[in-house]
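Take a look at the letters that make up each chain.
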Amino acid sequence: MSAVTDGTTRVFTWEEGARIEVRNLGGEIVIEANAAGLKTLAGHLLTLAQDGTPDGAHLHLEKNNGLEDGSLGLVLERSDVE
């Protein structure tokens, strides 16, 4: 999957067999993933951290977009504002 923000294209790759689930345990958010899912999340974060990626660049993960059924939505966003 690729995303374009402010004219900058970033490619987000998925490890084969990745399984990621996001749950709310009443005060704590749990991100549960198998090894392929953890590698996928790490890759997404590294992609957002690349030089030249603009402030506000983000990726939406949802149950129909990479997360397991029943998962909460998850947004990974770069914010360079302190």
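Everything here concerns the structure above.
Residues numbered from 1 in each chain as written. Predicted model: local features only at pLDDT ≥ 70, side-chain atom pairs only at ≥ 80, totals over all residues. Heavy atoms only, no water.

Peer 1: Which residues make up the pattern of salt bridges, and what values do they have?
Peer 2: A full pass over the atoms with the stated rule returns four salt bridges. A salt bridge links R19 to E32, with the shortest nitrogen-to-oxygen separation between them at 3.7 Å. Here R19 is found in the loop between β2 (8–11) and β3 (20–24), whereas its partner E32 is found in strand β4 (residues 29–33), with 13 residues between them in sequence. A relative accessible area of 28% means that R19 is categorised as partly exposed. By relative accessible area, which is 31% here, E32 ends up partly exposed. In this structure, a network of salt bridges that share partners links the residues R19, E21, R23 and E32. (Salt bridge = Lys/Arg side-chain N within 4 Å of Asp/Glu carboxyl O. Helix = DSSP H or I, 4+ residues; strand = E, 2+ residues; numbered from the N terminus. Buried < 20%, exposed > 50% of the residue type's maximum accessible area, 1.4 Å probe, protein only.)

Peer 1: Please give an account of the environment of F12 that cites residues and values.
Peer 2: Within the element layout of this structure, F12 appears in the loop between β2 and β3. Residue F12 is classed as buried on the basis of its relative accessible area of 2%. Sequence-wise, F12 and L59 are 47 residues apart; in three dimensions their C-alpha atoms are separated by 8.8 Å.

Peer 1: Which residues make up the pairing of β3, and what values go with them?
Peer 2: The two faces of the sheet receive side chains in turn, since in a regular strand these alternate between them. Alignment of β3 against β4, held across five bridges, turns out to be antiparallel. Within the sheet, the bridge partner assigned to N24 lies in β4 and is I29. (Pairing = 2+ DSSP bridges.)

Peer 1: Summarise a nonpolar patch on the surface; cite the residues concerned and give the values.
Peer 2: A cluster of nonpolar side chains, contributed by I29, I31 and L72, occupies part of the molecular surface with about 260 Å² of accessible area. Along the chain, the position of I31 falls in strand β4. Residue class for I31 comes out partly exposed when judged on its relative accessible area of 41%. (Patch = residues over 30% accessible without salt bridge, like charges linked within 9 Å, V, L, I, M, F, W, Y side chains within 5 Å. Areas by Shrake-Rupley, 256 points an atom, 1.4 Å probe, with all protein chains shown as cover.)

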